[in-house]
Amino acid sequence: MFIGYREYFKRLCAVSTIAGSLFLSPLPLLAKPESMPAATRKALVNQLEKEASELIHRGSFVAAQVPLRRAIKLDPNNGLLYWDLGRACYNNMDDMENGLAEAERCFRKCIQLTPGNASVYASLSNLLLIQKRYEEAIQVCDAGLKVKPPSSTCLGNKAAALSGLNRNQEALLVTDLYIAASESKSTLKSALESKAGILENLRRYSDALAVYKQLDANGHQDSYLFKQVDCLEKLGQSDEAVRVLTVIIARNRRDEDALARRARVYGRKGQLKKAEADYTKALSELKTSSFLRERAEIYKRMGRQDLYQADLKAAERL
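Residues numbered from 1 in each chain as written. Predicted model: local features only at pLDDT ≥ 70, side-chain atom pairs only at ≥ 80, totals over all residues. Heavy atoms only, no water.

Chemist: I'm lost on the pattern of salt bridges in this one. Help?
Modeler: Side-chain pairing between opposite charges can occur once the charged atoms of the two side chains come close. All told, the structure shown has 24 salt bridges when counted by the stated rule. For Glu136, the salt bridge goes to Arg133, with nearest N and O atoms at 2.9 Å. We note a salt bridge from Asp207 to Arg204, for which the minimum N-O separation is 2.9 Å. Judged by relative accessible area, which is 35%, Asp207 ranks as partly exposed. Ionic contacts of the salt-bridge type, sharing partners, join the residues Glu200, Lys227, Asp230, Glu233, Arg261 and Arg268 into one network. (Salt bridge = Lys/Arg side-chain N within 4 Å of Asp/Glu carboxyl O. Buried < 20%, exposed > 50% of the residue type's maximum accessible area, 1.4 Å probe, protein only.)

Chemist: Would you explain the packing of aromatic side chains in this entry?
Modeler: Aromatic ring pairs are defined here through the distance separating the ring centres and the angle between the ring planes. The full count for this structure, using the stated rule, is zero aromatic pairs. Over the aromatic face of Trp83 sits the side chain of Arg87, whose NZ or CZ is 3.9 Å from the ring centroid. (Phe/Tyr/Trp six-rings, centres within 6.5 Å; stacked < 30°, edge-to-face > 60°. Lys NZ or Arg CZ within 6 Å of the ring centre and 35° of its normal.)

Chemist: In this structure, what is going on with the confidence of the model for the protein chain? I would like to understand it.
Modeler: Low pLDDT marks regions whose predicted coordinates should not be analysed in detail. For the protein chain, the mean per-residue pLDDT works out to 88, and 89% of the residues sit at or above 70. Between residues 1-31, whose pLDDT stays under 50, and residues either more than four places distant or in other chains, the model counts 50 contacts. (pLDDT = per-residue confidence, 0-100. Contact = heavy atoms within 4.5 Å.)

Chemist: Please explain the state of the cysteines as it appears in this structure.
Modeler: Think of a disulfide as a covalent bridge from one cysteine sulfur atom to another cysteine sulfur atom. Taken as a whole, this structure holds zero disulfides when the rule is applied. Of all cysteine sulfurs in the structure, the one in Cys106 sits closest to Cys89, which takes part in no disulfide; the separation is 5.0 Å. In this structure Cys141 is not part of a disulfide, and its nearest cysteine sulfur, from Cys154, lies 4.6 Å away. The class of Cys141 is buried, set by a relative accessible area of 0%. (Disulfide = S-S within 2.5 Å.)

Chemist: For this particular structure, what's the right way to read unusual backbone geometry?
Modeler: Glycine aside, the phi torsion of most residues is negative, and most peptide linkages are trans. For the bond from Lys148 to Pro149, the omega torsion is -10°, close enough to zero to count as cis. With respect to the element layout, Pro149 can be found in the loop between α8 (134-146) and α9 (152-164). Of note in the backbone geometry, Lys132 takes a positive phi value of approximately 60° without being a glycine. Within the secondary structure, Lys132 is located in the loop between α7 (118-130) and α8. Looking at Lys132, the relative accessible area reads 62%, which means it is exposed. Of note, Arg203 is a non-glycine position whose phi angle comes to about 65°, a positive value. (Helix = DSSP H or I, 4+ residues; strand = E, 2+ residues; numbered from the N terminus.)

Chemist: Would you take a moment to explain the packing of α7 against α9 for this structure?
Modeler: The packing of two helices is summarised by the inter-axis angle and the distance between the axes. The geometry of α7 relative to α9 is characterised by a closest axis approach of 9 Å and an angle of 20° between their N-to-C directions. One finds that α7 runs roughly parallel with respect to α9. In this structure, α7 crosses over α9, and the sense of that crossing is left-handed. Between α7, through Tyr121, Ala122, Ser125, Asn126 and Leu129, and α9, the contact on the second element is made entirely by Thr153, Cys154, Asn157, Ala160 and Ala161. (Axes fitted to C-alpha atoms, helices over the stretch in contact; angles between N-to-C directions. Parallel < 35°, antiparallel > 145°, perpendicular 65-115°, else oblique. Left-handed = near helix turned anticlockwise from the far one by under 90°.)

Chemist: Please clarify how the side chain of Asp216 should be interpreted in this entry.
Modeler: Along the chain, Asp216 turns up in helix α12 (residues 205-218). In this structure Asp216 comes out as buried when scored by relative accessible area, which is 8%. At 3.3 Å, the side chain of Asp216 and the backbone nitrogen of Gln221 are in polar contact. Aside from chain neighbours lying at most four places away, what touches Asp216 is Gln221, Tyr224, Leu225, Gln228 and Arg251. (Polar contact = N/O pair within 3.5 Å; in protein donor to acceptor, adjacent residues only side chain to side chain.)

In structure tokens, the structure reads:
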């Protein structure tokens, strides 16, 4: 049974705090900050924060770490500096493994220093999700949901973690709470995408199809139409799948993926001439060995051994 958003948080408050203590183990504070006048220190930290923010905005995450580390030396108990440094480390594509490890240390340090910052719980749980540490992610999300005001992103991350553990029924309940808590179009979009994916995991394809239709109605994206096709094919509704693929192709007549997918549906329906025509159009946009082999099978079924052999040879040359 669906429970209200407020009721969910009442229940959270009754949950034991043991889980929170497991992941919030104290981290040692840094040494005392450098000696200088307080006003000078504050102005310098602000300047370094501004510099780091500009670098992050430009995507220079490694470079942004330099002013942030300097700022932390000046103000070692400023939790927000650790949050910023964690996000800069998190996005270090040059050294992902070490970057994630350092980002985790920074996020945990931020929580230790500023436990009332709900957003950092979302950052930490997202990092744990990437590493498939689902149980830990759930603990962090539950702690973030107890903060006032809570982070609705933690609902989405908790749903993803539950789904990762194949606890999809629980994930669906949390996703409904995430939808109810959504305060912006982008958050609602993320919540609906999460719900549709979980419904697919539960093999509730009709329900998932309805959500993908809602998403497409709110903002046309071919990805939502492709997901509709996935659901329709699993439901055995091939004619409707062709209709949706035709809509995608009408938007972009050079979409080789949509053409190839429609060709496959036509092939399964026995409409070989239509399948051959779509494969030919797809190959005119992107010649791949897989498309050639698939068209070869259509030619084989049509009894065109010459074209069948020609496509197989062309596929081997790629």
